[in-house]
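# Chain and residue survey
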Protein chains: 2
Amino acid sequence: MIISDNLKMYVQKLRSSNLRPTKQRLKICQFLFDRKKTFHFTVETLNKKINKNGTTKVSLATIYNTVEAFTSAGYLKEILTSKNKSYYDTNIKSHHHFYDEGSKELTDIHYSQIKLSKVPVPPKGKKIKNLEVVIRIQK
Amino acid sequence: MIISDNLKMYVQKLRSSNLRPTKQRLKICQFLFDRKKTFHFTVETLNKKINKNGTTKVSLATIYNTVEAFTSAGYLKEILTSKNKSYYDTNIKSHHHFYDEGSKELTDIHYSQIKLSKVPVPPKGKKIKNLEVVIRIQK
DNA sequence: ATCTAGTTTATAATAATTCTAAACTAGAAA
DNA sequence: TTTCTAGTTTAGAATTATTATAAACTAGAT
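Please read these numbers as outputs of a predicted model, since none were measured by experiment. Residue positions are given per chain, counted from 1 along the sequence in the order it is written. Labels are handed out in written order, letters beginning with A for the chains and numbers beginning with 1 for the ligands. The predicted origin of the model limits local features to residues at a pLDDT of at least 70 and limits the giving and counting of side-chain atom pairs to 80 or more, whereas totals for whole chains, interfaces and linings rest on all residues.

### Observations concerning the protein's contact with DNA strand D
Each residue gets a C-beta atom placed from its backbone. If that atom is within 6 Å of a molecule or strand, the residue is near it. DNA strand D sits among 25 residues. The nearest are Ser86(A), Thr22(B), Ser59(B), Ala61(B) and Thr62(B). The set of elements that each furnish at least two residues to the surface near DNA strand D consists of helix H3 (43-50) and helix H4 (60-72) of chain A together with helix H2 (23-33) and helix H4 (60-73) of chain B. Under the scheme used here, helices are H or I runs from DSSP no shorter than 4 residues and strands are E runs no shorter than 2 residues, and both carry numbers assigned from the N terminus. Looking at the surface near DNA strand D element by element, the count peaks at 4 residues for H4(B). Counted by class, the surface near DNA strand D contains 7 nonpolar, 11 polar and 7 charged residues. Charged means Asp, Glu, Lys or Arg here, nonpolar means Ala, Val, Leu, Ile, Met, Phe, Trp, Tyr, Cys or Pro, and polar covers whatever is left, Gly included.

This is the structure in structure tokens:
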């Protein structure tokens, strides 16, 4: 894959969501989306990795803003786990997770690995936005 | 139901978990478990309600300690919803939730309302501790 | 090249939770 | 019953994650 191609793609992607393609946003895009496997992170870990060996620093505030903006735009998905920290996932397709209580690590469970044969009707006037299964595991 | 009977029961329950039956713990037990319907709460709401019209105040630190202790002891269940606040449920049976994105309210979904016809095998050396479905709803 | 709304940033503010260490208490032992 | 001690409660400080603020910067339209 040629990086510059992806860059163009990210510029378009951002523009299509009314987000100006700034240096910072593109750097974060490249970091998050220039990879084959999907990626789980918290703002804390993203901040560390983005600013590890970078020439230009991206401020923590911008990391927060960008993750929020990307989540609203649908580039990222917030994961439900609990405990005072938001986890995000670059895999925005409907899927599920193992949450390891010991290591606090998340692992994707592919959509097809869980099948629901019965799902309740939502309360009146409400629609189902998504359905997420978390399987807590331990030793 | 006679309150004093429940009190005795709570004393036993606490003792059986190596928790001394203190005034504060018993007060919280009564508040949480002397009810027919199951109850969802955050530490914040529990604190407010416990200390609303009480003669003796229970400190916030104790509310935290107690909720933590009751959760470890298996009297309470922590609910996964995200967003910087822990939710707890007096319904410790395996069950699921609707989470209303607008009102931020949780509603129980009875165990029998969701059926899984396929569940993945956990990673090697790990056991499934529980499985929880959250259905996010909105208008 | 100029201008402006959108963006970034350091820093302060807020919110939830955990820590601390002193005062208190349940309940076992004397 | 009184004494004693480990467990518990408590107010307040500390920590952690996140959001708000407002000044400086910049993309990109004019």
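### Structural notes on the relation of the copies chain A and chain B
What sets the superposition is a least-squares fit of C-alpha atoms, and only residues with pLDDT of at least 70 in both copies go into it. Rotating chain A by 179 degrees and moving it 0.1 Å along the rotation axis overlays it on chain B with an RMSD of 0.1 Å. Seen this way, the second copy is the image of the first under a two-fold rotation axis. By the convention adopted here, residues are in contact when the distance between their C-beta atoms, placed from the backbone, does not exceed 7 Å. The fraction of interface residues of chain A whose copies in chain B are also interface residues reaches 100%, indicating that both copies meet through the same surface.

### Thoughts on the interface of chain A and chain B
At the junction of the two partners, chain A supplies 35 residues and chain B supplies 35 residues. The set of elements that each furnish at least two residues to the side of chain A that touches chain B consists of strand S4 (96-100), strand S6 (115-118) and strand S7 (127-138) of chain A. With 12 residues, the top contributor of residues to the side of chain A that touches chain B is S7(A). Considering only residue class, the side of chain A that touches chain B consists of 15 nonpolar, 9 polar and 11 charged. Pairing between two strands requires that DSSP report at least two bridges joining them. Pairing of S6(A) with strand S6 (residues 115-118) of chain B, which is carried by 3 bridges, proceeds in the antiparallel orientation. Across the sheet, residue Lys118(A) finds its bridge partner in S6(B), namely Lys115(B).

### Here's the deal with the environment of Asn91(A)
Mapped onto the fold, Asn91(A) is located in the loop between strand S3 (87-89) and S4. Discounting chain neighbours no more than four positions away, the residues touching Asn91(A) are Thr38(A), Lys77(A) and Asp108(A).

### Structural notes on the protein's contact with DNA strand C
Thr22(A), Ser59(A), Ala61(A), Thr62(A) and Ser86(B) are the nearest of the 26 residues found near DNA strand C. Those elements giving two or more residues to the surface near DNA strand C turn out to be helix H2 (23-33) and H4 of chain A together with helix H3 (43-50) and H4 of chain B. Tallying contributions element by element places H4(A) first for the surface near DNA strand C, with 5 residues.

### A short note on the sheet that holds strand S4 (residues 96-100) of chain B
What the 6 strands build is an open sheet, ordered S5(A)-S4(A)-S7(A)-S7(B)-S4(B)-S5(B); its pairing is mixed. Whereas interior strands pair on both sides, the edge strands pair on one side only; in this sheet they are strand S5 (106-109) of chain A together with strand S5 (106-109) of chain B. On average, each strand axis in the sheet is inclined to that of its neighbour by 25 degrees, with strand direction left out of account. Where helices are involved, their axes are fitted lines through C-alpha atoms of the stretch in contact, as for all axes, and angles between N-to-C directions lie from 0 to 180°.

### Overview of H2(A)
Partly exposed residues are those falling between the two cut-offs: more than 12 but fewer than 20 other C-beta atoms within 10 Å of their own, whereas 20 or more means buried and 12 or fewer means exposed, with C-beta atoms placed from the backbone. What H2(A) keeps buried is the set Arg25(A), Ile28(A), Cys29(A) and Leu32(A). Summarising the axial view, the buried residues of H2(A) lie within an arc of 105 degrees, below the 170-degree limit, and thus occupy one face. Within this analysis, the arc is defined by the directions that extend from the helix axis to the C-beta atoms.

### Re the sheet that holds strand S2 (residues 77-79) of chain B
All names here are of chain B. Taken together, the 3 strands give an open sheet; going across it, the order is S1-S3-S2, and neighbouring strands pair in antiparallel fashion. Each edge of the open sheet is held by one strand with a lone partner, namely strand S1 (40-42) and S2. Direction aside, the axes of adjacent strands within the sheet are offset by 40 degrees on average. As paired strands, S2 and strand S3 (residues 87-89) are joined by 3 bridges and run antiparallel to one another. Bridge assignment links Lys-77 to a residue of S3, and that residue is Asp-89.

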